[in-house]
Structures are given as C-alpha cells and as structure tokens.
Amino acid sequence: MTSKQRSYLKGLAMNIDPIFQIGKSSLTPEVTQAVDEALEARELIKIAILKNCVDDGNSIAEVLAERTHAQLVQVIGRKVILYRPAKDMAKRKIQLP
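Residues numbered from 1 in each chain as written. Predicted model: local features only at pLDDT ≥ 70, side-chain atom pairs only at ≥ 80, totals over all residues. Heavy atoms only, no water.

As for the pairing of strand S3 (residues 71-76)
Rules: Here, any two strands with at least 2 DSSP bridges between them count as paired. Numbering goes from the N terminus for both helices and strands, where a helix is a DSSP run of H or I of at least four residues and a strand is a run of E of at least two.
Pairing between S3 and strand S4 (residues 79-83): five bridges, direction antiparallel. Residue pairing across strands places Leu-72 opposite Leu-82, the latter belonging to S4. Where S3 folds back on S4, the antiparallel hairpin that results is connected by two residues, among which Gly-77 adopts a positive phi of roughly 60°.

Below, the structure written as structure tokens:
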C-alpha cells in the first residue's frame, strides 16, 4: 500500500465511528471472526481498544491484521483502522487512487 493510498483511507476513516470495542478479554476467536465479517461487509473499519485491555494497541492491531488478512492503515492511541478490499468486485465500495 502506498502512502497516498494510506492517506486516502485515513481521510475516509476520520468520519466513521468505531464499530468494535476490545476490552478485558482482549482478542478472542469470536472477536476475530466478527472483525473478519465486518471487513467483508464494509472494507474499512475502526476499532476502539478500551483502557481495561491489558495488551498493547499495536500488538492487537498487528495480530488482527494477520488473522483477518487485512492491511493495517493506522494505529492512533487506542484506535485501530483496518482495510481489506471485498473479494467480490461488485461489492467493492472504496476505490483506491
């Protein structure tokens, strides 16, 4: 992913709210599966990591990106932005520059 594409995705992510919150139980298989399904439906998602989560935000973001085959766009404090294009070309909503 080029820096121009990453910048474009960051701009799109500014206007969306986090759709998942990762808390005390950290990453469970259920959370990973839900994130995977959300990426297929939306392509670009934002995740909030709560203060009671013992794991580091960067490590959670890297593990989630690896498990869901997504690209890590950005980690800002306790917010994570992930992107994965839809497998079906007809469902793609975001066209990268």
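Now that the structure is up, let's keep going.
Considerations on the pairing of S4
Inclusion rule: Partly exposed describes any residue whose relative accessible area lies between the buried limit of under 20% and the exposed limit of over 50%, with all areas from a 1.4 Å probe on protein chains only and scaled to the type maximum.
Buried residues dominate S4, accounting for four of its five residues. Across five bridges, the pairing between strand S2 (residues 44-49) and S4 is antiparallel. If you follow Lys-46 over to S4, its bridge partner there is Ile-81.

Side note on the pattern of salt bridges
What counts here: Throughout this description, the term salt bridge denotes a Lys or Arg side-chain nitrogen within 4 Å of a carboxyl oxygen of Asp or Glu.
Overall, the coordinates contain two salt bridges when judged by the stated rule. Among the ionic pairs, Asp-36 bridges to Arg-84, the shortest N-O distance being 2.5 Å. Of the two residues, Asp-36 is situated in helix H2 (residues 29-42) and Arg-84 in the segment after S4; the sequence distance between them amounts to 48 residues. A residue is classified by how much of its surface remains accessible, and Arg-84, at 9% relative accessible area, is buried. Measuring nitrogen to oxygen at the nearest pair gives 3.5 Å for the salt bridge that ties Glu-40 to Arg-84. Note that Glu-40 is positioned in helix H2 and Arg-84 in the segment after S4, a separation of 44 residues in sequence. Taking the relative accessible area as the measure of exposure, Glu-40 reaches 23% and is therefore partly exposed.

Things to note about the side chain of Thr-32
Inclusion rule: What makes two residues a contact is simply this: any of their non-hydrogen atoms within 4.5 Å.
Summarising the element assignment, Thr-32 is placed in helix H2. On the basis of relative accessible area, Thr-32 is assigned to the buried category, the value being 11%. Dropping the residues within four chain positions of it, Thr-32 is found in contact with Leu-64, Arg-67 and Thr-68.

Brief notes about the environment of Gly-77
When you line up the elements, Gly-77 lands in the loop between S3 and S4. In sequence terms Gly-77 and Gly-57 are 20 residues apart; their C-alpha atoms lie 7.3 Å from each other.

Considerations on the side chain of Ser-26
With respect to the helices and strands, Ser-26 occurs in the loop between strand S1 (20-22) and H2. If near-sequence neighbours (up to four positions away) are discounted, Ser-26 is found in contact with Val-31, Cys-53, Asp-55 and Ile-60.

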